[in-house]
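This is what each chain is made of:
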Number of protein chains: 2
Amino acid sequence: MSKYDSLTKTPVVDIHTHVYPPSYISLLKSRSSIPYIRAFPPSEDLRLVILPAEDTESTSRGRPVGPDYYDIKNKISFMDTHNIDISVISLANPWLDWLPAEEAGPIAESTNNEIDYICSKYPGRLFFFATLPLSASAPTVLAEITRLKTLSHMRGIILGTTGLGSGLDDPNLLPIFKALAAASLPIFLHPHYGLPSGVWGPRASEYGHVLPLALGFPLETTIAVTRMILSDTFTLVPDLQVILAHSGGTLPYLAGRIESCIGHDSHLKAENKLGPGRRTVWDVLKKNIYLDAVIYHEMGLKTAIEASGEDRVMFGTDHPFFPPLGGDKEWASVVANVEAVKGALGDGKAAEMAMGGNAVQVLNLI
Amino acid sequence: MSKYDSLTKTPVVDIHTHVYPPSYISLLKSRSSIPYIRAFPPSEDLRLVILPAEDTESTSRGRPVGPDYYDIKNKISFMDTHNIDISVISLANPWLDWLPAEEAGPIAESTNNEIDYICSKYPGRLFFFATLPLSASAPTVLAEITRLKTLSHMRGIILGTTGLGSGLDDPNLLPIFKALAAASLPIFLHPHYGLPSGVWGPRASEYGHVLPLALGFPLETTIAVTRMILSDTFTLVPDLQVILAHSGGTLPYLAGRIESCIGHDSHLKAENKLGPGRRTVWDVLKKNIYLDAVIYHEMGLKTAIEASGEDRVMFGTDHPFFPPLGGDKEWASVVANVEAVKGALGDGKAAEMAMGGNAVQVLNLI
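Residues numbered from 1 in each chain as written. Chains lettered and ligands numbered in written order. Predicted model: local features only at pLDDT ≥ 70, side-chain atom pairs only at ≥ 80, totals over all residues. Heavy atoms only, no water.

Visitor: So, the packing of aromatic side chains: which residues are in play, and what are the values?
Guide: Each aromatic ring pair is specified by the distance between its two centres and by the angle formed by the two planes. Residues and elements named next belong to chain A. Taken as a whole and judged by the stated rule, the model has 16 aromatic pairs over all chains. Relative to F188, the ring of F129 lies with its centre 5.3 Å away and its plane at 35 degrees, an arrangement referred to as tilted. Here F129 is found in strand β6 (residues 126-131), whereas its partner F188 is found in strand β8 (residues 187-189), with 59 residues between them in sequence. Accessibility assignment for this pair places F129 and F188 in one class, buried. Where Y296 meets F322, the ring centres are 6.2 Å apart and the plane angle is 70 degrees; that geometry is what we call edge-to-face. Highlighted residues: Y296 in the loop between β10 (289-292) and α12 (298-308) and F322 in the loop between β11 (313-314) and α13 (332-345), separated in sequence by 26 residues. Residue F322 is classed as buried on the basis of its relative accessible area of 10%. By the ring-pair criterion, three or more aromatic residues cluster together here, those being Y20, Y24, Y69, W98 and F321. Taking the ring centre of Y290 as reference, the NZ or CZ of R312 above it sits at 4.2 Å. (Phe/Tyr/Trp six-rings, centres within 6.5 Å; stacked < 30°, edge-to-face > 60°. Helix = DSSP H or I, 4+ residues; strand = E, 2+ residues; numbered from the N terminus. Buried < 20%, exposed > 50% of the residue type's maximum accessible area, 1.4 Å probe, protein only. Lys NZ or Arg CZ within 6 Å of the ring centre and 35° of its normal.)

Spelled out as structure tokens, the structure:
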């Protein structure tokens, strides 16, 4: 019997929750091109600008950066307000993608150490997904993966969609994926770059941040994981485990179409890519993919659960993003995700597992 | 009692099925830049090249264009093979978007007349969605809408996502949308341009046509309809009816996230765009949107049905695209969509309505 089985209550676990630790804030403040943090006079409030599309003179430039971003006490307070027992925190985008090669290794090491230390201050309540120095050489990345195993609160890796610069279907990533699979470290795959801004059209700025956030993020994730599937990543690294942010982008909804397009593609057939050894989208969803439940409605969540399995879906909040505009203590965005789980799974054991039990077991949190 | 109620069997209706009528084939053959049709020696087989990404010297250049594309006898034979009673045919992409302004009006008129004539040869079995001369002036478009009402087999309009060149959230489209709503002519919104090819990464050509077809198409539709929602199109034209291709792209799955992002956007709040008069994504899905059932799996289709309603989902095939690679008479892509309907709705009345009854009633086919 594991320690988990002896618990009287299944803990609530938030697996999608971000931090900008103080050293990372300092790093961003020292920069003058994106990503950066600065004040735009006459205001003295600091703003975080992380996307090219928002780096223009307008009132919607970036977003305010308050203590919710960097002070772990605010995270704990947020957890207490929303009855969250455990958070698996991760560095927020854009992670370390932009660092010069020679700086990436040391900064990844210090950042991961800093977040591990932050977790240690709240025993049993905080774990984290670490960050890799992807702009450095592959040996540096592999060395950091080995070193990470010594950090007692580390439970996986947060990864963007660019990989080493050519996306996640880059064969040069396979040694890294194999090392992660061998170490049983799941990837938390998270979007950042969205889509080229031209697709939003000339009126995009009238709609605030809606198009890049509501569509750019999940569509980026969908493209990234589909490229991984098409490049046979999960056939070549069958034990690779990937937790997809935002309930997989749109992968569960499009799975049928993707499989149909693969099965009807004359080029793939000519290349003998449609044989019986292939791990299909459906196989990958059941064997390699976990989905967070950050989807804000039970309707999509039901599809996510059917696609991946009741035991493969895990609650998350996306804190500190999407705070209530009215300043309410309880966040509507969190309530929507809790209600989505209850609406999709009811009030019984399955909902408890999605709210935390699955994360405890998959990420070995207790 | 309508004629429909007196039927002993609900007809099976295919609302997503394309034609390239002979005059359109001739038009494409006369061109030397995309979209065009030509043979690439030494082969004498004609190929259709419609996307910039496929206009390169390679074996996968475009797609073969056989009689399934232009000979209506093949369409009827396909319908008979698959027990389809009625097809609502539409000109295949890229429609007339590329025509010079002065040619668009006359060519739209002759193309629509030609397709209406084709329908007349198979009484009761063929209807069509007409094409608008969008590269001409708005008065030309409005005149064609008025004229179309005289074509007895016309039941709506097929529309791409570019509109007059600035997308479907262009305020200059509102008079056209109002004219369509006033004439009770639904729009069949269909993708063509996909996403900028850079998003597929350097290995995209290794995956045949999968990424632009499986993801580019539905993501383009999702962006287009979300831009319509954000520009208040459905608040301004509350009777506008839009049938979304490929089960709405990904709109049903992302509806919760889109609504949450809208409700949390400080710019939209500052602009007083979040008031009670707003037609939400959920409202639009129930009041303005119909979804075809071209999604190849019951799992996504269940979400589509829950989002829009059992009475708002309609079977389709996407013929002549996605033919069986092995040359089977029965098409696997069609079987997948039939099975999706049965899997989602069972064998009873609801499935019959999705397979044809809804289309009969919405498009007034009997």
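Visitor: Residues and numbers for the pairing of β6 of chain A, please.
Guide: All names here are of chain A. Of all six residues in β6, six are buried, a share of seventy percent or more. Side chains L126, F128 and A130 of β6 all project onto a buried face; the interleaved residues F127, F129 and T131 project onto the opposite face, where all are buried too. In this structure, strand β5 (residues 86-91) lies alongside β6, joined through four bridges in parallel fashion. Looking at the pairing, S87 lines up with L126 of β6. Note that the unit made of β5, helix α4 (residues 101-120) and β6 has a crossover that is right-handed. (Pairing = 2+ DSSP bridges. Right-handed = clockwise from strand over helix to strand, strands pointing away.)

Visitor: Lay out the pattern of salt bridges in plain terms, naming residues and giving numbers.
Guide: Throughout the structure, instances matching the rule amount to 18 salt bridges over all chains. Two residues, R278 of chain A and E259 of chain A, come together in a salt bridge whose shortest N-O distance is 3.0 Å. With R278 of chain A in the loop between α10 (266-270) and α11 (281-287) and E259 of chain A in helix α9 (residues 251-263), the pair connects residues that are 19 residues apart, well separated along the chain. A residue is classified by how much of its surface remains accessible, and E259 of chain A, at 13% relative accessible area, is buried. A salt bridge links K302 of chain B to E298 of chain B; the nearest nitrogen and oxygen atoms lie 3.5 Å apart. With K302 of chain B and E298 of chain B both in helix α12 (residues 298-308), this residue pair falls four residues apart, about one helical turn. A residue is classified by how much of its surface remains accessible, and K302 of chain B, at 29% relative accessible area, is partly exposed. (Salt bridge = Lys/Arg side-chain N within 4 Å of Asp/Glu carboxyl O.)

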